[in-house]
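# A closer look at the structure
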Amino acid sequence: MRLQHQPLPQPELVLKFKGKVVKTDEEHVSEAISRATDEIAGLDKGISGTPLTLEVRKNGVPDLTMVDLPGITRVPVHGQPEDIYDQIRKIIMEYITPEESIILNVLSATVDFPTCESIRMSQMVDKSGERTLAVVTKSDKAPEGLLEKVTADDVNIGLGYIDKSMVGVPVLAQKLVQIQAESIAKNLPEIVKSINEKLNLNVAELKGMPKKMSSLSEAITVFMQIIGSAKESLRKILLRGEFDEYPDEKKMHCTARLVELLDQYSDELHTNAESNPEKNFLMEEIMVLEETKGIWLPNFLPRTAFLTVHQRKVNGISSIPTSFAEKVWNYVEEVVISVIMRHSDKYHQLQLPFRRAGQNLIAKMKERSVDWVMEIVEMEKLTDYTCNPEYLSDWNKRMSYYQHSFLKAVLPAEEWPSFSKAVLPKEWPSAFDMKMRMTAYWKIVLRRLVDCMALHLQLSVSKLVNKEFEKEIVDELMGASGGIERMLDESPSVNAKRLKINKSIELLQKSKEVVAKIMD
């Protein structure tokens, strides 16, 4: 009930509920309230949390707002729900919990105050009683000892009772107006702060929503801005190693993550069984030499033997570069999609084609990389070549070590496999020579596979960001049916949200104006 004094002699009474406004008068207000109650809560003595507001503008009434809460019912009567008490209690607690609420406990003089349900509820939210006032009714029913019961204040009613100087409804009204004024003055700064915070949040949310576009040219401009900002983000995180846009998302610190993937790739190559020089030491070399011997001068290492061993080793690690390329592009796909979604989050109608364009782009880049990797592997298998002087230097060091006591220090006789002593002196020098050449050359091959992959990765990511990204998305959007025009179609949910925020801003601004007048 909102009471407001006005100088006009004719009272104005209005009921508001469920979006409706019903005019009434003092003679018919009771019937209007009953009809509104039946419409809100039903005809079976039900209950509803929907508020029913009675606005009264009348000469002589106090400027006062009161909420008449439902009476507490523990036992449901015919037609009421079984949880009627819980429903009522929930409604009551909703209104008396806020710190700015003043709780008016209406107590019958015939009841024991400490056991009163309403007192217990108010004490739960106002233990000190500083915002609780009690009104004692039906004092003629139990006048004996009433004054003592009131003044004893066993239940800590901070704002007191209606004592001898506070008797009657007019005095109560005056007291309530005074309390309300003091409460408003006390809570006004916090109310202003709360209104400003909510207003700022709504304004920020409105600014964050997509701008409603009215023309195709405007939509194209926004579309290109999205692509430009997404490209810049990708440049920062994929090429320059800057992650100020994602300070706490380690997944988006891309240059560091790519280095980690490259290190893992290198480790996998070097820890592979083919990279272990002690694996089946000299056994493979001797067997290959036996099978590639021919009619030519002795002490010449057949190139066919070297290539045979080399090709077997390359085949043993051939899946690792391919797997690495796929792993890298799977990671880059996650990053690209995440960036696209972030920069287009205001335009949900574009996110599906953006995502599809990103996935198509990464699929193409991955296919190219895998093809390139397979070609590199085939090149390594085709021939043996390096201009790196480390190859000869490393081979010479290893052969020198053999000349100084290899049989004793490296290969004790008891560990030698079951080859006949007759074979051993004949094949041993050539087998060891080929092993030392292969060990020295294999280091070059692994380093080449890692270095080339690193350079290829840098080049491919650079092409992705600076060239392919924009082209793929433009082709997807411009080529799709309805493409860029989708930006002109605002979804019903976005439109409804925009209207809701605008309405909230309007109400908050009005509230701010009202508070400003009160403070003045």
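Residues numbered from 1 in each chain as written. Predicted model: local features only at pLDDT ≥ 70, side-chain atom pairs only at ≥ 80, totals over all residues. Heavy atoms only, no water.

Per an unreviewed UniProt entry, the protein chain is named GED domain-containing protein, and its organism is Fagus sylvatica.

### Considering the packing of aromatic side chains
Test applied: Working definition: rings of Phe, Tyr and Trp (its six-membered ring) pair if their centres are within 6.5 Å, and the pair is stacked with planes under 30 degrees apart, edge-to-face with planes over 60 apart, and tilted otherwise. Helix and strand definitions here come from DSSP, where helices need a minimum of 4 consecutive H or I residues and strands a minimum of 2 consecutive E residues; each element is numbered from the N-terminal end. Note on exposure labels: buried denotes an accessible area under 20% of the residue type's maximum, exposed denotes more than 50%, and partly exposed covers the range between, all computed with a 1.4 Å probe on protein chains only. In this scheme, the term charge over a ring applies when either NZ of a lysine or CZ of an arginine sits within 6 Å of the ring centre and within 35 degrees of the ring normal.
In the structure shown here, the tally under the stated rule is 4 aromatic pairs. For the ring pair Phe223 and Phe354, a centre distance of 5.9 Å and an interplane angle of 20° mean the geometry is stacked. In this pair, Phe223 is assigned in helix H6 (residues 216–240) and Phe354 in helix H11 (residues 348–382), connecting sequence segments 131 residues apart. For Phe354, a relative accessible area of 1% translates into the label buried. Here Tyr391 and Tyr441 contribute two aromatic rings whose centre-to-centre distance is 6.2 Å and whose plane-to-plane angle is 85°, an arrangement assigned as edge-to-face. Highlighted residues: Tyr391 in helix H12 (residues 390–403) and Tyr441 in helix H14 (residues 424–479), separated in sequence by 50 residues. Clustering of aromatic rings is evident, with ring pairs tying together Phe306, Tyr391 and Tyr441. The ring of Trp442 carries the charged tip of Lys313 above its face, separated from the ring centre by 4.7 Å. Sitting above the plane of the Trp395 ring, Arg437 keeps its charged end 4.0 Å from the centroid.

### Here's the deal with helix H2 (residues 84–96)
Quick reminder of the rule: Given a helix with a known number of residues, its expected span is that number minus one, times 1.5 Å. We call two residues in contact when some of their heavy atoms are within 4.5 Å.
Taking 1.5 Å per residue as the helical rise, H2 with its 13 residues ought to reach 18 Å, and the 19 Å between its terminal C-alpha atoms agrees with that figure. Buried within H2 we find Ile84, Tyr85, Ile88, Ile91, Ile92, Met93 and Ile96. Tucked inside the fold, the buried residues of H2 contact strand E6 (103–108) and helix H3 (117–125).

### Here's the deal with unusual backbone geometry
Positioned with a positive phi, Lys18 is a non-glycine residue whose angle comes to about 50°. Relative to the helices and strands, Lys18 resides in the loop between strand E2 (12–17) and strand E3 (20–24). A positive phi angle, near 55°, is found at Lys138, a position not held by glycine.

### Details of the pairing of E2
We apply this condition: By this definition, two strands are paired if DSSP reports at least two bridges between them.
Alignment of E2 against strand E4 (residues 53–58), held across 5 bridges, turns out to be antiparallel. Among the inter-strand pairings, Lys16 is bridged to a residue of E4, identified as Thr53. A loop of 2 residues connects E2 with E3, the two strands running antiparallel in sequence, and Lys18 in this loop sits at a positive phi of about 50°.

### Thoughts on the pairing of strand E1 (residues 2–5)
In terms of strand pairing, E1 meets E4 through 4 bridges, oriented parallel. Residue pairing in the sheet places Leu3 in a bridge with Val56 of E4. Pairing of E1 with strand E5 (residues 64–65), which is carried by 2 bridges, proceeds in the antiparallel orientation. Among the inter-strand pairings, Leu3 is bridged to a residue of E5, identified as Leu64.

### Overview of the side chain of Gln351
To keep things clear, this is the line we draw: Think of a polar contact as two N or O atoms within 3.5 Å of one another; within protein, one of them needs to be a possible hydrogen donor and the other a possible acceptor, and neighboring residues in sequence only count if both atoms come from side chains.
On the secondary structure map, Gln351 appears in helix H11. Residue Gln351 is classed as buried on the basis of its relative accessible area, which comes to 16%. A polar side-chain atom of Gln351 sits 3.0 Å from the main-chain carbonyl oxygen of Met341. Those residues in contact with Gln351 that sit more than four places away from it in its chain are Met341, Ser344 and Asp345.

### Digging into the packing of helix H9 (residues 303–317) against H11
Cut-off, in case you're wondering: As a rule, the C-alpha atoms of each element are fitted with a line to give its axis, helices using only the stretch in contact, and angles between N-to-C directions run from 0 to 180 degrees. Any angle that is under 35 degrees is reported as roughly parallel, and any over 145 degrees as roughly antiparallel; angles of 65 to 115 degrees are reported as roughly perpendicular and all others as oblique. Helix crossings are classified by the rotation of the near helix relative to the far one: an anticlockwise turn of less than a right angle makes the crossing left-handed, while a clockwise turn makes it right-handed. Charged means Asp, Glu, Lys or Arg here, nonpolar means Ala, Val, Leu, Ile, Met, Phe, Trp, Tyr, Cys or Pro, and polar covers whatever is left, Gly included.
Taken N-terminus to C-terminus, the directions of H9 and H11 make an angle of 160°; their axes are 8 Å apart at the nearest point. Of the possible angle classes, the one that applies to H9 and H11 is roughly antiparallel. For the pair H9 and H11, the crossing hand works out as right-handed. Residue-level contacts link Leu307, His310, Gln311, Val314 and Asn315 of H9 to Val377, Glu380, Lys381 and Leu382 of H11. Of the residues belonging to the contact of H9 with H11, the class tally is 4 nonpolar, 3 polar and 2 charged.

### A closer look at the packing of H2 against H3
Two quantities define a packed helix pair, namely the angle between the axes and the distance from one axis to the other. Running from amino to carboxyl end, H2 crosses H3 at an angle of 45°, the nearest separation of the two axes being 10 Å. In this view, H2 runs oblique relative to H3, as classed from their interaxial angle. Where H2 crosses over H3, the two elements pack in a sense that is right-handed. Residues Tyr85, Arg89, Ile92, Met93 and Ile96 of H2 pack against Glu117, Met121, Ser122, Met124 and Val125 of H3. Tallied by class, residues from the contact of H2 with H3 come to 7 nonpolar, 1 polar and 2 charged.

### A few points about the confidence of the model for the protein chain
Convention followed: As a per-residue measure, pLDDT tells how confident the predictor is, with possible values from 0 to 100.
Summarising the model, the protein chain shows a mean pLDDT of 83, and 86% of its residues fall at 70 or more. Below a pLDDT of 50 lies the segment residues 416–425, which in the model reaches 10 contacts outside its immediate sequence neighbourhood of four places, other chains included.

### Observations regarding the environment of Val75
Relative to the elements of secondary structure, Val75 occurs in the loop between E5 and H2. Along the primary structure Val75 and Tyr85 are separated by 10 residues, whereas in three dimensions their C-alpha atoms are 7.4 Å apart.

### A closer look at the pattern of salt bridges
Operational definition: When a carboxyl oxygen of Asp or Glu lies within 4 Å of a side-chain nitrogen of Lys or Arg, that pair is called a salt bridge.
Summed over the entire model, instances satisfying the criterion amount to 24 salt bridges. Across the pair Glu26 and Lys58 runs a salt bridge whose closest N-O atoms are separated by 2.6 Å. A residue pair is termed long-range when its members are at least 10 positions apart, and Glu26 in the loop between E3 and helix H1 (29–41) and Lys58 in strand E4 qualify at 32 residues. Under the relative-accessibility criterion, Lys58 is labelled partly exposed at 26%. With a shortest N-O distance of 3.0 Å, Arg342 and Glu245 are connected by a salt bridge. In this pair, Arg342 is assigned in helix H10 (residues 319–343) and Glu245 in the loop between H6 and helix H7 (254–271), connecting sequence segments 97 residues apart. By relative accessible area, Arg342 is classed as partly exposed at 35%. Salt bridges linked by common partners bring Arg2, Lys16, Glu55 and Arg57 together as one network.

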